[in-house]
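# Structure assessment
What follows is the residue order along each chain.
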Amino acid sequence: MKAAECSMLSIDAIVMLYHCAKVSGGNILEVGSYLGGATIAIAMGVRDSGEEKKIISIERGCRVEHPRIGTKDSFKDLRKNLKRFGFLDRVTLINGRSFDPSTIAVVRQVSGPRQIGLFVFDADANVRRDINCYCDRFADHCWMVIDDYLGGANKSERLRMQVDELVSAGRLEPLGFYGLGTWIGRWLI
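Structure report, in brief.

Calculation notes
Residues numbered from 1 in each chain as written. Predicted model: local features only at pLDDT ≥ 70, side-chain atom pairs only at ≥ 80, totals over all residues. Heavy atoms only, no water. Pairing = 2+ DSSP bridges. Helix = DSSP H or I, 4+ residues; strand = E, 2+ residues; numbered from the N terminus. Axes fitted to C-alpha atoms, helices over the stretch in contact; angles between N-to-C directions. Contact = heavy atoms within 4.5 Å. Phe/Tyr/Trp six-rings, centres within 6.5 Å; stacked < 30°, edge-to-face > 60°. Buried < 20%, exposed > 50% of the residue type's maximum accessible area, 1.4 Å probe, protein only.

Right, let's talk about the sheet that holds strand β5 (residues 138–146) for a bit. Paired through backbone hydrogen bonds, the strands of a sheet run either parallel or antiparallel to each other. The strand order across the open sheet built from 7 strands is β3-β2-β1-β4-β5-β7-β6, with neighbouring strands paired in mixed fashion. The open sheet has two free edges, formed respectively by β3 (91–95) and β6 (172–178), since each of these has just one partner strand. Sheet twist, expressed as the average angle between the axes of neighbouring strands with direction ignored, equals 15 degrees. Summarising the sheet, strand β4 (residues 116–121) and β5 pair through 5 bridges and their orientation is parallel. Pairing of F119 across the sheet is with M144, part of β5. Packed on one face of the sheet, helix α1 (residues 11–23) meets β1 (27–31), β4, β5, β6 and β7 (182–187) and runs near 160 degrees to β4.

If you want it as structure tokens, here you go:
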């Protein structure tokens, strides 16, 4: 898929995001969209579903040195990539941190309670913080995609511990791993 050109995710994780966006009911919330590879796959899935679904994507913007997909400004490049693929007008972009009160307010304005059917997290090591911010917006059995659960990233151990605690508490249902450590499961109310 062309979306993989703009992503650090493996192609199978990108394809799984496309599938989840296509089959999920409700809106989609993505935290940490970076250059938009996953966002583009999500938008393709929504388009191909034939249903109206809102896509909300949060990216704070940063500079990253990377041999294949580095950037001087991730938010600017995200907008550019979404425009290039024809999805800029289909995604509500929020330039900020996911846990800032102003960001939370925008998400709450765009998506009501139990309306999010897919939650994608590829940001820092604190997925639990963002789940706590938005869980009242998650539909029962909302698809959950959490990157860096496995792998060599510095944040993987902390993410894995948080996800495993939510699984043990009966809040998350694991379904599998894709690519280089992307966890996929469901939210249980």
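Still to come is the rest of the account.
On to the packing of aromatic side chains, then. Counted under the stated rule, the structure contains 4 aromatic pairs. Summarising the aromatic geometry, the rings of F119 and F138 are spaced 5.0 Å apart at their centres and angled 45 degrees between planes, so their arrangement reads as tilted. With a gap of 19 residues between them, F119 in strand β4 and F138 in strand β5 connect regions that are remote in the sequence. Like F119, the residue F138 is buried in the burial classification. Between F138 and W187 the ring centres are 5.5 Å apart and the planes differ by 75 degrees, which places this aromatic pair in the edge-to-face class. Here the residue F138 occupies a position in strand β5, and W187 occupies one in strand β7, the gap between them amounting to 49 residues. The residues F138 and W187 share a single accessibility class, namely buried.

Read these as spatial facts, not as claims about activity.
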